[in-house]
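Here's the letter readout for the chains.
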Amino acid sequence: GTDYLTGVPNSRHFHEWAESELERARRYKHPLTIVYMDIDQFKAVNDQMGHAAGDQLLKKVAETMRRNIRSVDMIARIGGDECVMCCPETGPEEASIVVQRVQRELMKIVAEKKWPITFSLGVVSCLKCPDSLQHLVSAADRTMYAAKAAGKNTIRYETMADPEKSSAPSSD
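Remember, it's a predicted structure, so these values are computed and weren't measured experimentally. (Residues numbered from 1 in each chain as written. Predicted model: local features only at pLDDT ≥ 70, side-chain atom pairs only at ≥ 80, totals over all residues. Heavy atoms only, no water.)

1. Some points on the pairing of strand β1 (residues 32-40)
Walk down a regular strand and you will see the side chains alternate between the two sheet faces. Cut-off, in case you're wondering: Three exposure classes are used, based on accessible area relative to the maximum for each residue type with a 1.4 Å probe and protein chains only: buried under 20%, partly exposed in between, and exposed over 50%. The helix count covers DSSP runs of H or I at least four residues long, the strand count covers runs of E at least two residues long, and both are numbered beginning at the N terminus. Here, strands pair whenever DSSP counts at least two bridges between them.
When you tally the buried positions in β1, you get 9 out of 9 residues, the bulk of the element. Burial along β1 is two-sided: Leu32, Ile34, Tyr36, Asp38 and Asp40 and Thr33, Val35, Met37 and Ile39, pointing in opposite directions, are all buried. Pairing of β1 with strand β3 (residues 82-88), which is carried by 7 bridges, proceeds in the antiparallel orientation. What sits directly across from Val35, in β3, is Met85.

2. A short note on helix α2 (residues 42-49)
For clarity, the cut-off: A contact between two residues is defined here by any heavy atoms of the two lying within 4.5 Å.
Taken as a whole, α2 has its buried residues at Phe42, Ala44, Val45 and Asn46. The inward-facing, buried residues of α2 abut β1 and α3 (51-67). Gly50 lies just past α2 and shows a positive phi near 95°.

3. Regarding unusual backbone geometry
We note that Gln41 has phi near 65°; this positive angle belongs to a residue other than glycine. On the secondary structure map, Gln41 appears in the loop between β1 and α2. Of the residues examined, Gln41 reaches a relative accessible area of 41% and is grouped as partly exposed. The phi torsion at Lys152 lies on the positive side, around 60°, for a residue other than glycine. Accessibility expressed as a relative area gives 36% for Lys152, which makes it partly exposed.

Set out below in structure tokens:
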């Protein structure tokens, strides 16, 4: 299914697709990266500029993210102002390049539109993938909250070498 507002896949579609990518990554022992992104101060846009501006912002963010990822990657809107990306065949180095490009392009639009927002991103790359997609998405969500706690407008990275014991988030 598709998110009605942004036109990107919705949470259910994302989870079904990412589940099969995770299965493939596990079977062939390939890396996989999940990125969790939250818009900092999104509420301020709705409060100060109205919900139409908030909707416009969400559409522009989704469009910008979609334009700056590879065709094999998927982005989905999974909550109010939260998006998730799945990047197959992507280890920590490649993930860092993709995520920094996405953040740079998002910040260009923010400056152009004069929106009072930034972005917090949690990036989890698994070299040996866990059995559960939920485990991976939760780790990316946790890493994103660590980025928010570190002062927002931040990218935090984590590499999962052994799915049983995930490492502490490391700052860029």
